[in-house]
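# Structure at a glance
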Amino acid sequence: MPPRELRPELPESLEALILWMLAKDPADRPTAAGVAAGARPEPVTTIRTVRRTPAVPVIAAACATLAVVASIAVGILMATSGLNLPTSSNLGPSRATRAIRVVAATESRT
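Residues numbered from 1 in each chain as written. Predicted model: local features only at pLDDT ≥ 70, side-chain atom pairs only at ≥ 80, totals over all residues. Heavy atoms only, no water.

## Here's the deal with the overall build of the protein
Secondary structure assignment for the protein yields six helices and zero strands. Going residue by residue from the N terminus, the α and β elements of the protein occur as α-α-α-α-α-α. Within the protein, contacts between residues separated by at least 24 positions form 28% of all contacts whose residues are at least 6 apart in sequence. For the protein, the accessible surface area stands at approximately 9400 Å², while carbon and sulfur atoms represent 65% of it. (Helix = DSSP H or I, 4+ residues; strand = E, 2+ residues; numbered from the N terminus. Contact = heavy atoms within 4.5 Å. Areas by Shrake-Rupley, 256 points an atom, 1.4 Å probe, with all protein chains shown as cover.)

## What about helix 4 (residues 55-81)?
Between its first and last C-alpha, helix 4 extends 38 Å over 27 residues, near the 39 Å set by a 1.5 Å rise per residue. Downstream of helix 4 by one or two residues, G82 has phi in the positive range, about 80 degrees. (Expected span 1.5 Å × (residues − 1).)

## Some words on the environment of T31
Counting through the fold element by element, T31 comes out in the loop between helix 2 (12-21) and helix 3 (33-39). By relative accessible area, T31 is classed as exposed at 77%. Expressed as a C-alpha distance, the spacing of T31 and M21, which sit ten residues apart in the sequence, is 9.4 Å. (Buried < 20%, exposed > 50% of the residue type's maximum accessible area, 1.4 Å probe, protein only.)

In structure tokens, the structure reads:
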């Protein structure tokens, strides 16, 4: 398929260069890049290139920002409402600590 069928804005001279470089028979292709560069009749700046924004890093940054904002908002809400999350200081001894104390008390009785 000729390149201009896919991209009609492609100059004819560039299409000819592309077809020459992609010739089926290797003998019909240019022997070096310099030969092909010298054969180019006009600069290739006439073709507009589209730079795509990578979606994955943008989405990851947005999610990280949302997580930080949400955690700050929850902290502010908790501070203003007087609601406290349980911490190790206000929970009392853990189950393991209580079990050890029970076993120690039982052994001391016998």
